[in-house]
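Understanding the architecture of this molecule
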Amino acid sequence: MQNTESSFELITVQSSPVVNFYSPSTDSVKEMAIRILAEVMKFRRTPKSHQPCGDEKCSHCSSYHLPKIIEAVEKNEPVTFVLPAFPGKSPNPRKVLGALPDHAERLSLAFLGNLCERIKEYYLPGIKIIICSDGRVFSDVVGMKESDVTAYQIELDNMIEEMSLNDISTFNLDDYYGGIDFVEMRDHLMDIYGKSVDSLKEKVKKGAKPGATPEELEANRMYCGITRFLFEDAVHPGQTKSRAAVQREARAKSYEVIRRSNAWTELIAEYFPQAVRLSIHPQVCGSKKLGIRLIANESWMTPWHGVAVETDEGFVLMKRFQAEDLGAKLVYSSNGRPSHFTLVKD
Ligand SMILES: [Zn+2]
């Protein structure tokens, strides 16, 4: 009896420091961080040409992001993610319903909100996603009206509030510089964070060759993708330039859009040093950015380059003219604005 009691006591004394809710062991912190990252990586985007690298727990993929997540989990704080996205609607009326966010943005915000909620089920502080709306960064290059960018930003914030997405917030160039002229903002951004166009061209060129680094591959893919978007937006009925001239212009503008985006990336990294960097573009294994989908099903389309279309299998994103060609019916929201299309027969 004596022995049993004393050994019981001994166990109690030894185990008490371990059972401390506020200082979890290093192992359990790491485990939690891996679990959080894996949840995000379930929806990651990798390039089609890229060999998949194992599962959501690929150590090479997580190596860059995990330390930041561990740091937050150690302090029992929310893990912060930054996502440069939601710049404003494409200026091409053949692709979108107008200048303001519509059901396409709503679907995307709901998807991101769900991700936050799921993580909160097992990590109470949860995650925070800061959408770094980048329209003002390159609006003059892609032909977006400044007033449209402002209206889009305001409406996006309204939508987030109305949907009670407390873990999602926005940050943009206007927030950072507050009150100064838009041209001045961009000039200042490029003075401080801008890199030369020649170094970018070199990177894009290397990205098309074998043995390219993840950064060069991404530069090349971004260049091709943005050139395509700019070309599409510039080819509309009534334009008089030749296709070759439009293509040339799209290529030159593409370099400028990427230079601006890269400068924005630098600013964000400095302003949110603790945050994990998400990207809407596919990313190769081991990249400093984590490519993520904006809606649950894999789609190249973004909410701001297209419209939401309701089908029997759920919502998909496509270009406005494609929805119209399919004979989809336009649906208005309760405030009377065009919201999305439907192919579902009632
Ligand atoms: Zn990997």
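Residue positions within a chain follow its written sequence, with the count starting from 1. Thresholds applied to this predicted model are a pLDDT of at least 70 for local features of residues and 80 or more for the giving and counting of side-chain atom pairs; totals over whole chains, interfaces and linings are not thresholded and use all residues. As a rule here, side-chain values cover all heavy atoms of the structure and leave hydrogens and water aside.

An unreviewed UniProt entry lists the protein chain under the name Pyoverdine biosynthesis protein PvcA, with Uabimicrobium amorphum given as the organism.

Side note on the environment of L230
The condition is simple: Strands are runs of DSSP state E lasting at least 2 residues, helices are runs of H or I lasting at least 4, and numbering of each runs from the N terminus. In what follows, residue pairs with any heavy atoms lying within 4.5 Å of each other are defined as contacts.
Locating L230 in the fold gives a position in helix α11 (residues 214–234). Along the backbone, L230 and S254 are 24 residues apart, and their C-alpha atoms lie at a distance of 7.3 Å. Aside from chain neighbours lying at most four places away, what touches L230 is V142, A250, K253, S254 and V257.

Notes on the nonpolar core
The following threshold applies: We call a set of buried residues a nonpolar core when its members are Ala, Val, Leu, Ile, Met, Phe, Trp, Tyr or Cys and they connect through side-chain atoms within 4.5 Å of each other. Throughout, exposure labels follow a simple rule: accessible area from a 1.4 Å probe, protein chains only, divided by the maximum for the residue type, with under 20% read as buried, over 50% as exposed, and the rest as partly exposed.
Core analysis: the biggest nonpolar cluster contains 46 residues, and I36, I69, V79, F81, L83, F86 and I129 have the highest contact counts within it. Put simply, the parts of the chain that give this core at least two residues each are α2 (26–41), α4 (66–74), β1 (79–83), α5 (103–120), β2 (127–133), α7 (146–162) and β4 (276–279). The biggest single contributor to this core is α2, with seven residues. If near-sequence neighbours (up to four positions away) are discounted, F81 is found in contact with V40, I69, I127, K128, I129, I130, A275, V276 and L278. The next biggest cluster of nonpolar side chains, apart from the first, holds 35 residues, and it includes F171, M190, F231 and A250.

Here we look at the sheet that holds strand β7 (residues 314–318)
Worth spelling out the cut-off: If DSSP finds at least two bridges between two strands, the strands pair. All axes here are fitted lines through C-alpha atoms, helices being fitted over the stretch that makes contact, and every angle between N-to-C directions spans 0 to 180 degrees.
The sheet built from four strands is open, its strands ordered β7-β6-β9-β8 with mixed pairing. Looking at the sheet topology across the chains shown, the edges are occupied by β7 and β8 (329–332). Adjacent strand axes in the sheet meet at a mean angle of 35° when their direction is disregarded. Sheet topology places β8 next to strand β9 (residues 338–342); four bridges connect them, and they run antiparallel. Following the sheet pairing, L330 is matched in β9 by F341. Across the sheet, α5 touches β6 (307–311), β7 and β9, and the angle it forms with β6 is around 80°.

Focus: the packing of helix α6 (residues 135–142) against helix α9 (residues 182–193)
The condition that has to hold: Here roughly perpendicular refers to angles of 65 to 115 degrees, roughly parallel to angles under 35, roughly antiparallel to angles over 145, and oblique to all remaining angles. Just so you know the grouping, Ala, Val, Leu, Ile, Met, Phe, Trp, Tyr, Cys and Pro go in nonpolar, Asp, Glu, Lys and Arg go in charged, and all remaining residues, Gly too, go in polar.
Put simply, α6 and α9 touch, their axes get as near as 9 Å, and they point 105° apart. With respect to each other, α6 and α9 are oriented roughly perpendicular. On α9, the residues that touch R136, V137, S139 and D140 of α6 are F182, M185, R186 and L189. Among the residues making up the contact of α6 with α9, the classes are represented as four nonpolar, one polar and three charged.

Things to note about the pairing of β6
With four of five residues buried, β6 lies mostly within the body of the structure. Bridging between β6 and β7 involves five bridges; their strand directions are antiparallel. Its bridge partner being in β7, V309 is matched across the sheet by V316. Here β6 folds back onto β7, and the loop between the two strands holds two residues. Relative to β9, β6 runs parallel, the two sharing two bridges. The residue of β9 that forms the bridge with V309 is F341.

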